[in-house]
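# Chains, contacts and geometry: an overview
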Amino acid sequence: MTSNNAETLFIDGAWAPAENGATRTIICPGTGEEVGTVSEGTPADARRAVAAAKRAFDDGAWRRTPAAERGDFLLRVAAEMGRRKAEFARAEALDTGKRLVEAEADMDDIASCFRYFGKIADSHPGRLVDAGNPAVISRVVYEPVGVCGLITPWNFPLLQASWKIAPALAAGNSFVIKPSELTPHTTLLIAEVLNDLGLPRGVANVVTGTGADVGAVLTSHEDVGMVSFTGGLATGRAIAESAAKTVKKIALELGGKNPNVIFPDADYDAALDNALNAGFLDSGLVCSAGTRLIVHESIARRFVDDLVERANSIVMGGPFDESAQTGPLISKEHRDKVTDYVNRGVAAGARLRCGGHWGGAEHEAGFFYAPTVLDECTRDNPAVQEEGFGPVITVETFRTEEEAIAIANDTMYGLSGAVWTTDMATANRVSRALQHGTVWINDYHPYIPQAEWGGFKMSGIGRELGPSGLEEYQQAKHIYHNTEPAVTGWFPKA
Ligand code: TXE
């Protein structure tokens, strides 16, 4: 990977510039400084990458590699991620502006993801089916889809990429990945790792560039069998429409508006601490961020006062500022969006209790936004219904369990949510009633690669991680083998 001479397209096992020589400068959102220059791929570059991926798939060197060996390869990737963790974390922190400790935690999670899919690569060999005829061997086998188009966002650039790359490779596919144009570097590094470890040429391809130029080719090209996308709802819809024209498999993870429900019997200190973590970790740039606080009216005043006091003391800073507790937003444009989102929430009647500003003169160099609490929200407030994607917690109150559930489900999204209570029966009832793909009881944010991740309703289609995360990259084939062929007699000879 040679970021500074801008040969960052990885196509058919070789690094290359964009065909028209175009480049893009990457800016660290925490400092406003230049991080590096990458190639700005064109539609022609994307088509070249798809052709390479198709050749590699048809050639079969990877898909015919025994699944257990593909798994071993992924285990070696996990080990290499561990060895190069500091380098990867630094690159991620520079591109995203997130704190180095958070980027380091991401790298551990990425290694775990490769390890998990490495271990289960050969766990899905298919099954025999009783065809009702002893002469017939009927079996269902799971085969790779072919060329996968992987499109990833800027908040967890390599983590989201690994949730796609690891199962795609475990299943025997080839792929073309387009990282977010804002945060490409760690995706380039992983391509380097895959190449250095001996992945056959053309199986992994990276084309840096925009969604309109590169992404659109991946979603419309007839040789791409599947598109897996993580990003915003509007882009997800556009991708689904584009992919429909060639009837591709699609997997979409489109964010959420995630409820965090606090019952009065909850462990108060843990619930408060985790409410901060739910909403403000990574500056709220987390698809599962618990930004919709729904708290029982009997404890709401104290809880929100304490939340505001703690939010006011959160220290913002750049990726390598050791005093920082949270980082910046991804770009100036995104900060403008969050600013507008908060202003609209206040205009619709929310009470701004803290934040609502960029954080003062010391934060001018980066794209910071102070942790914000919008109190006294009504359900129809746009700040409650829209995914703000920033460090903004909205507050609603409830009286009864039924009301809490109704509020928590009153969203077009359904990615995740949490319930805080010490009563087992309440926890069980509410967790089953929430229409969200992941539910935490007395916790917020943890996920494990063994368990499925994905959205109900408009939060997406399909699942990442877990056994379903591998199946997304496979297709079932039924092989019906009659070992004693016979004349059927349906159309007798005249
Ligand atoms: O993301 P986009 P944006 C949400 C969050 C945010 C909103 C918009 O609410 O405010 O999305 O963010 C590529 N064909 N999330 O505009 O556009 C693009 O180049 C193919 C939630 O920055 O969704 C990038 O690689 N690809 C989320 C990727 O899509 C296209 C994480 C994501 O960008 C394309 C990020 C097209 N037509 C934002 N247009 C999560 N679920 O975690 C863009 N892209």
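Going by the structure above, here's the rest.
This report concerns the structure included in the present document. As the structure is a computational prediction, the values presented were derived from the model and not from experiment.

## Thoughts on the nonpolar core
One finds Phe117, Ile165 and Phe303 to be the most contacted residues of the largest nonpolar core, which totals 87 residues. Once residues within four sequence positions are removed from consideration, Phe303 is found in contact with Ile262, Tyr268, Ala271, Leu272, Ala275, Leu293 and Val295. Core analysis: the next-biggest nonpolar cluster, separate from the first, contains 23 residues, Ile11, Ala49, Val214 and Leu252 among them.

## Focus: the packing of helix α4 (residues 100-120) against helix α5 (residues 157-170)
At their nearest, the axes of α4 and α5 sit 9 Å apart, and the two run at 10° to each other. Classed by the angle they form, the pair α4 and α5 counts as roughly parallel. Contacts between α4 and α5 pair Asp106, Met107, Asp109, Ile110, Cys113, Phe114 and Phe117 from the former with Leu158, Leu159, Ser162, Trp163, Ile165, Ala166, Pro167 and Ala170 from the latter. Grouping the constituent residues of the contact of α4 with α5 by class yields twelve nonpolar, one polar and two charged.

## Re the side chain of Thr291
Along the polypeptide, Thr291 turns up in the loop between α9 (268-280) and β13 (292-296). Look at Thr291 and you get buried, because its relative accessible area is 9%. For Thr291, the contacting residues outside a window of four places in its chain are Lys257, Asn258, Gly279, Gly390, Val392, Ile393 and Thr394.

## Focus on the sheet that holds strand β5 (residues 127-129)
Here three strands make up an open sheet; going across it, the order is β5-β6-β20 and the pairing antiparallel. The open sheet is flanked by β5 and β20 (474-482), the only strands paired with a single partner. Averaged over all neighbouring strand pairs, the angle between strand axes comes to 30°, with direction disregarded. Looking at chain direction, β5 and strand β6 (residues 136-144) are connected through three bridges and run antiparallel. Its bridge partner being in β6, Val129 is matched across the sheet by Ser138.

## Considering unusual backbone geometry
At Val247, a position not held by glycine, the phi torsion is positive, near 50°. Position of Val247 among the secondary structure elements: in the loop between α8 (233-244) and β11 (249-253). Classification of Val247 by relative accessible area gives exposed; the value is 71%. The backbone of Leu465 shows a phi angle near 65°, a positive value even though the residue is not glycine. When you line up the elements, Leu465 lands in the loop between β19 (460-461) and α15 (466-471). Given the relative accessible area of 0%, Leu465 is considered buried.

## Brief notes about the layout of surface pockets
Space inside the largest pocket adds up to approximately 1000 Å³. For the largest pocket, the lining is made up of 44 residues, of which Trp154, Gly231, Gly232, Thr235 and Lys337 are closest to its centre. The element contributing the most residues to the lining of the largest pocket is helix α11 (residues 332-347), with seven residues. Grouping the amino acids of the lining of the largest pocket by side-chain chemistry returns 18 nonpolar, 16 polar and ten charged.

## Some points on the environment of Gly13
Note on placement: Gly13 falls in the loop between β1 (9-11) and β2 (14-16). Along the primary structure Gly13 and Val206 are separated by 193 residues, whereas in three dimensions their C-alpha atoms are 9.9 Å apart. Apart from the residues within four sequence positions on either side, Gly13 is in contact with Asn195, Arg201 and Gly202.

## Observations regarding the site of the ligand
The immediate surroundings of the ligand are formed by 26 residues, with Thr152, Trp154, Glu181, Gly232 and Glu387 found nearest. Contacts to the ligand include Gly211, whose backbone N or O atom sits 3.3 Å from an oxygen atom. Contacts to the ligand include Thr235, whose side-chain N or O atom sits 2.8 Å from an oxygen atom. Here the ligand loses 83% of its free accessible area of 820 Å² to cover by the protein chains.

## Examining the packing of aromatic side chains
Tallied over the full model, the rule gives eleven aromatic pairs. Pairing Trp163 with Trp453 gives two aromatic rings, centres 6.0 Å apart and planes at 70°, and the pair type is edge-to-face. Here Trp163 is found in helix α5, whereas its partner Trp453 is found in the loop between β18 (438-441) and β19, with 290 residues between them in sequence. Relative accessible area serves as the criterion here: at 4%, Trp163 is assigned to the buried category. Overall, the relative accessible area of 5% leaves Trp453 in the buried class. An aromatic cluster is defined as three or more aromatic residues linked by ring pairs; in this entry it consists of Trp163, Trp440, Tyr444, Tyr447 and Trp453. For Arg63, the ring lying beneath its charged end belongs to Phe57, and the centroid distance is 4.8 Å. Sitting above the plane of the Trp358 ring, Arg335 keeps its charged end 3.6 Å from the centroid.

So, how was this worked out
Residues numbered from 1 in each chain as written. Predicted model: local features only at pLDDT ≥ 70, side-chain atom pairs only at ≥ 80, totals over all residues. Heavy atoms only, no water. Core = buried A, V, L, I, M, F, W, Y, C linked by side-chain atoms within 4.5 Å. Buried < 20%, exposed > 50% of the residue type's maximum accessible area, 1.4 Å probe, protein only. Contact = heavy atoms within 4.5 Å. Axes fitted to C-alpha atoms, helices over the stretch in contact; angles between N-to-C directions. Helix = DSSP H or I, 4+ residues; strand = E, 2+ residues; numbered from the N terminus. Parallel < 35°, antiparallel > 145°, perpendicular 65-115°, else oblique. Nonpolar A, V, L, I, M, F, W, Y, C, P; charged D, E, K, R; others polar. Pairing = 2+ DSSP bridges. 1 Å grid on protein atoms, 1.4 Å probe; cavity = no way out; pocket = protein on both sides within 12 Å on 5 of 7 lines; lining within 4 Å. Points joined across faces, edges and corners; volume = space filled by probe spheres on them. Near = heavy atom within 4 Å. Polar contact = N/O pair within 3.5 Å; in protein donor to acceptor, adjacent residues only side chain to side chain. Areas by Shrake-Rupley, 256 points an atom, 1.4 Å probe, with all protein chains shown as cover. Phe/Tyr/Trp six-rings, centres within 6.5 Å; stacked < 30°, edge-to-face > 60°. Lys NZ or Arg CZ within 6 Å of the ring centre and 35° of its normal.

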